[in-house]
Structure formats: structure tokens, C-alpha cells
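# An overview of the molecular structure
Each chain, written out:
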Amino acid sequence: MIIPLESRLNPKWKIVIALVTFLMLTNTIYSTINPIDNQNKSPFRLIVTIDVEKPDGTIIHECIEDDIILRNFVYFLINSLEGSGDSSSYDLIDTTGTTKNYQTVHKVDEAVITVGDGNTPVTVTDYVLDNEIIQLSITNNQFKNTAMEYNATVISTWNPASSYTIREVGLITGLSTSENYLICRDVLTTSVSVTSGDIITIKYVFLMNQG
Amino acid sequence: MKNETKVILTIFTLGIILLGYSFIQTPENIEPYYNVIKGDNRNHDGSTVGVTLILKHYRNGELLGTTVKENDYLLKNFAHYLFRLNSGNILYNDESVKLNDTGGTSELIWYSANNQIRTTPANAKIGIGTSTSVISLEDYQLGTLVQTDIISSVGYSVSSNKMNATFTSVHPITSTHTITEFGLYISLHSDNSINEDFLLCRDVIGTGINVINGDTLSVTYVFMFN
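Residues numbered from 1 in each chain as written. Chains lettered and ligands numbered in written order. Predicted model: local features only at pLDDT ≥ 70, side-chain atom pairs only at ≥ 80, totals over all residues. Heavy atoms only, no water.

### Let's talk about the overall build of chain B
Each helix and strand counted, chain B has two helices and 12 strands in total. The helix and strand sequence of chain B, counted from the amino end, reads α-β-β-β-α-β-β-β-β-β-β-β-β-β. Within the span of chain B, comprising 226 residues, buried residues form 51% of the whole. Counting contacts in chain B only where the partners sit at least 6 residues apart, residues at least 24 apart contribute 68% of the total. Within the structure as shown, chain B displays about 9,400 Å² of accessible surface, and the carbon and sulfur contribution to it stands at 53%. (Helix = DSSP H or I, 4+ residues; strand = E, 2+ residues; numbered from the N terminus. Buried < 20%, exposed > 50% of the residue type's maximum accessible area, 1.4 Å probe, protein only. Contact = heavy atoms within 4.5 Å. Areas by Shrake-Rupley, 256 points an atom, 1.4 Å probe, with all protein chains shown as cover.)

Right, here's the structure in full:
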């Protein structure tokens, strides 16, 4: 005759099993009930695009996703939020290689996109391109947004006088009255050859809150 | 030993092992509470910048718990500040590069000359509040501000091309609140020489932090680059 296990258990064991089960369940529930907030999105990504329009109308398009932010940019952000701290711990390095204590006046009319043909891998302490060809003034801006997403784009164009091979690009911003700082640099996976007659458009696109 | 006894002992032993394992695996073993608030579960690997909010709640010097909120929003003000920095001087007076101050007024950001912007010597601030209103990127102030306190410490760390910048404020609590929202303010010069605060980030957490007089709330914004 088969007697159900439950009916043969000592009452004390029933209590123990019930207690263990209860503790396991409550702990599991407590561990898994974390508040979920669906309002969050990733802050921003930085993308660089290079478009070369050949005289015959052919378009060559290159895109660098997730451009590398340099230490200068991070130090700038720290200094901006640190206020009077003005700590020498976060000195920036300008494009001449000189370490400069942060100055609070930012010269914003000197933002430029810089183009080079060096291919040294990027490090976050870079302050200048490996081998700069030219600095290009920002000639256009675009700012577009939906309810929750933004694209901020800065644009330069270039009509090269002779042949070059683009292997690296960067973004320089002027943060004081006489100093310029490289804040982004990237080396292209595939170099882009350009020559006289080409029209090159380079865009830095800040994608905000788009994951 | 009877079979049923073996079964009972096996169940009991497994239960104890599972219980111990679950305690080891959950942060509650370290701190009384530890909430991680996820974003929308998109793949954020490779994002240029991520922002995480870390909240630590102290009472009588003891840590009551930690809440971590990942993948914060950056508000329109932040985008405009960034844009203003890197867009040259072409659109300095365009709506697309104005920032809204904490009163909601759209302000031109410039100092001394149109081609200059300037952060003020004032430290940036972090605000705490009690509103649970949904975030809008147009937000320029917390929904229900309780208090702001200056950023008292900053930090920087680097590993290969990955960098973290941290900004921490410590908020002494003077009355009972359920703190649900947080914001990061920057102090900038607008219209030549006026010092104003501008909200760059605002965050709302689903489960508020219940604070009372005497508590301390530490708020840290972590900007993670590359």
C-alpha cells in the first residue's frame, strides 16, 4: 500500500520545509523586484561621415561609427562642472602639445574639422592628428530633433588642390582665446583618396538619446 | 535511514544551498537595499558616452542602500551646449543654440563677445526633488525641487580608451521626503555677464528614496566615454 509522502512527514519537518520554501521564495522575489523605468535612453554617440563627390558625380561615402572621444573632451567637461576648482589635475593639452591650465573663456568661433593622412592608432591622450593635411572651418550646422531624440551636426567642406589620402579625422574646438584642443580623433578603416576637383563633405554627428 | 527521510534531508540541504547561493549573488548581502534601474534594454555597447546615476542613502553615518540608474537622458540644454561649443559662431543667436535657464527663459549663451562662452567660477550643482513626472527633453528644472547642492568632488579614471568622469554632491536632508528625481546643473554666463544655472540632465526613479531629517543623500553622475 502506498502512503502519500506528505501524510507520513513529521510535523516538525513540514515546518522546516515550509520555512525554507518561504525564505527561498521571498528572497527570490525581493531580488527580482527592481523598479523599472522606461524613460531611459543612452545619452549620445558620435559619428563621422566623409562624402567625396567626384567630378563625374560619383559619390564615395565613408562612415565612422562611435568616434573616439579624447581625454581633452573629458577634462573639459570636468573643468566645466568643477567651477572654481580649476584643478591642475585636469589640464588640457592644446594642439601644440602644451599642457594648459583650464581657462573658463571658450572661443567658439574656432571649431574646425581636421583631416590627416597618418594612421597611428588612436589613444585618448592624443592632442593632434598623426599627420595633419588641413584644418577645415565649420561651414554649416544642422540641429534636428524629434520629441526625444536629437541630431547635432557640424559640417565642413573641402576642395583639395591636389591629391591626398585621408586616413584620419578629428574635431578641434577653441576653448580659450589662443588655444585649440583636439577633442575627437579617429583613424579610418578604409582610407579615402581625393584629388583636385573633388568636393569633400565631412560631418560630425552627435546622436543624442538614441542608444 | 528511510527513503522519505533521505528525500526530506535532500530537499532541506538543497534549500539551504540555494538560499545561501541567492544571498551571495544578490547585493542585499552587502547593503540593505540595492536597486539597479535599467534603461530600455537596447544594446548600448559602443555608445560614445553613457551616463549612470548612483545614489547612496545614509542615516546616522550608515549606508542604508544604493540605487543605480543606468543610461540617463541628456536634455536639450546639454545638446545645445555641446552644439554651441562645436558649431563655430555661425548660429550663436539662433534658437538652435539657446539654452533654457531654470526659469524657462531661452537664453543666448555668450560672454564678452559673441564668439565666447564661459562657465562661471561657481561649481556645478546637483538637484534632488520629489516629482515623478515623465522626463521631457525640454525640461529646464526639476518638477518639484527640494534642494540643490554643489558638486563637491570630481573624479577621473581611464583604462585603455575607456574613461570615466564622476561628479558627486552630498545632500544633507532636513525634512521628510520621498526623493524621486535628480538633475545636473551647469553654471554659465548668458547675455554677456549674467551667471545662470542650466539643467543638463534630469532623471526620475521608479521607487523613491524615503529620507528624513538628518539623513544624507550622495548623488554621483558617472559619464562613461568610449
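Let's pick the thread back up.
### Digging into the overall build of chain A
A count of helices and strands for chain A gives three helices and 13 strands. Taken over 211 residues, chain A has a buried fraction of 49%. Considering only contacts in chain A between residues 6 or more positions apart, those separated by 24 or more positions represent 65%.

### Quick look at the nonpolar core
Looking at soluble globular proteins, one finds that nonpolar side chains tend to be buried together. Residues Phe44(A), Ile166(A), Phe182(B), Tyr221(B), Phe223(B) and Phe225(B) are the most contacted members of the largest nonpolar core, which totals 89 residues. When near neighbours in sequence (up to four residues on either side) are disregarded, Phe225(B) contacts Ile69(A), Phe73(A), Val74(A), Leu77(A), Thr48(B), Val49(B), Asn161(B), Lys162(B), Met163(B) and Ala165(B). (Core = buried A, V, L, I, M, F, W, Y, C linked by side-chain atoms within 4.5 Å.)

### Digging into the pairing of strand S10 (residues 150-158) of chain A
Residue and element names in this part refer to chain A. For S10, the buried fraction is high: seven of the nine residues fall into the buried class. The pairing of strand S9 (residues 140-145) with S10 spans six bridges and is antiparallel. In the sheet register, Lys144 faces S10, and the bridge partner there is Asn151. (Pairing = 2+ DSSP bridges.)

### What about the side chain of His171(B)?
Residue and element names in this part refer to chain B. Locating His171 in the fold gives a position in strand S9 (residues 162-172). A polar side-chain atom of His171 sits 2.7 Å from a polar atom in the side chain of Asp149. Once residues within four sequence positions are removed from consideration, His171 is found in contact with Ile126, Ile128, Gln147, Asp149, Asp215, Thr216, Leu217 and Val219. (Polar contact = N/O pair within 3.5 Å; in protein donor to acceptor, adjacent residues only side chain to side chain.)

### Some details on helix H3 (residues 71-82) of chain A
An α-helix turns once per 3.6 residues; consequently, residues spaced three or four apart project the same way. Look at H3(A): 16 Å from first C-alpha to last across 12 residues, which is about the 16 Å you get at 1.5 Å a residue. When you tally the buried positions in H3(A), you get 12 out of 12 residues, the bulk of the element. (Expected span 1.5 Å × (residues − 1).)

### What to know about helix H2 (residues 76-86) of chain B
Most of H2(B) sits out of view: 10 of its 11 residues are buried. Buried within H2(B) are the following residues: Asn77(B), Phe78(B), Ala79(B), His80(B), Tyr81(B), Leu82(B), Phe83(B), Arg84(B), Leu85(B) and Asn86(B).

### Here's the deal with the pattern of salt bridges
Pairs can form between side chains of opposite charge once their charged atoms are near each other. All names here are of chain A. The final tally for this structure, using the stated rule, is 10 salt bridges over all chains. Residues Lys54 and Asp198 are paired through a salt bridge, measuring 2.8 Å at the closest nitrogen-oxygen approach. Here the residue Lys54 occupies a position in the loop between strand S1 (44-53) and strand S2 (59-64), and Asp198 occupies one in the loop between strand S12 (180-194) and strand S13 (199-208), the gap between them amounting to 144 residues. Its relative accessible area of 1% is what places Asp198 among the buried residues. (Salt bridge = Lys/Arg side-chain N within 4 Å of Asp/Glu carboxyl O.)

### Observations regarding the packing of aromatic side chains
By convention here, two paired aromatic rings are described through the distance between centres and the angle between planes. Under the defined criterion, the tally for this structure stands at seven aromatic pairs over all chains. Between Trp158(A) and Tyr164(A), the aromatic rings sit 5.5 Å apart at their centres with planes inclined by 40°, giving tilted as the arrangement. Here Tyr164(A) falls in the partly exposed class, since its relative accessible area comes to 29%. The structure contains a cluster of three or more aromatic residues connected by ring pairs, namely Tyr75(A), Tyr90(A) and Tyr156(B). (Phe/Tyr/Trp six-rings, centres within 6.5 Å; stacked < 30°, edge-to-face > 60°.)

### Observations regarding the environment of Trp110(B)
Residues and elements named next belong to chain B. Checked against the element boundaries, Trp110 lands in the loop between strand S5 (106-107) and strand S6 (116-118). A relative accessible area of 18% means that Trp110 is categorised as buried. With 84 residues separating them in the primary sequence, Trp110 and Ile194 have C-alpha atoms 9.4 Å apart.

### Quick look at the packing of H3(A) against H2(B)
It is the contact of H3(A) with H2(B), at a shortest axis distance of 14 Å, that shows an interaxial angle of 120°. Here H2(B) runs oblique to H3(A), going by the angle between their axes. The element H3(A) and its partner H2(B) pack so that their crossing is right-handed. On H2(B), the residues touching Phe73(A), Phe76(A), Leu77(A) and Ser80(A) of H3(A) are Phe78(B), Tyr81(B), Leu82(B) and Leu85(B). Looking at the contact of H3(A) with H2(B) residue by residue, the classes come out as seven nonpolar, one polar and no charged. (Axes fitted to C-alpha atoms, helices over the stretch in contact; angles between N-to-C directions. Parallel < 35°, antiparallel > 145°, perpendicular 65-115°, else oblique. Left-handed = near helix turned anticlockwise from the far one by under 90°. Nonpolar A, V, L, I, M, F, W, Y, C, P; charged D, E, K, R; others polar.)

### Description of the sheet that holds S12(A)
Strands in a sheet are paired, the pairing made by backbone hydrogen bonds, and the direction either parallel or antiparallel. Residue and element names in this part refer to chain A. Ordered by their spatial adjacency, five strands build an open sheet running S3-S12-S11-S7-S8, and the pairing between neighbours is antiparallel. Strands with a single pairing partner mark the edges of an open sheet, and in this sheet they are strand S3 (68-69) and strand S8 (132-137). Here H3 sits on the sheet in contact with S3 and S12, set at roughly 150° to S12.

### Re the side chain of Lys69(B)
Among the secondary structure elements, Lys69(B) is positioned in strand S3 (residues 62-69). For Lys69(B), the side chain forms a polar contact with the main-chain oxygen of Val204(B), separated by 3.1 Å.

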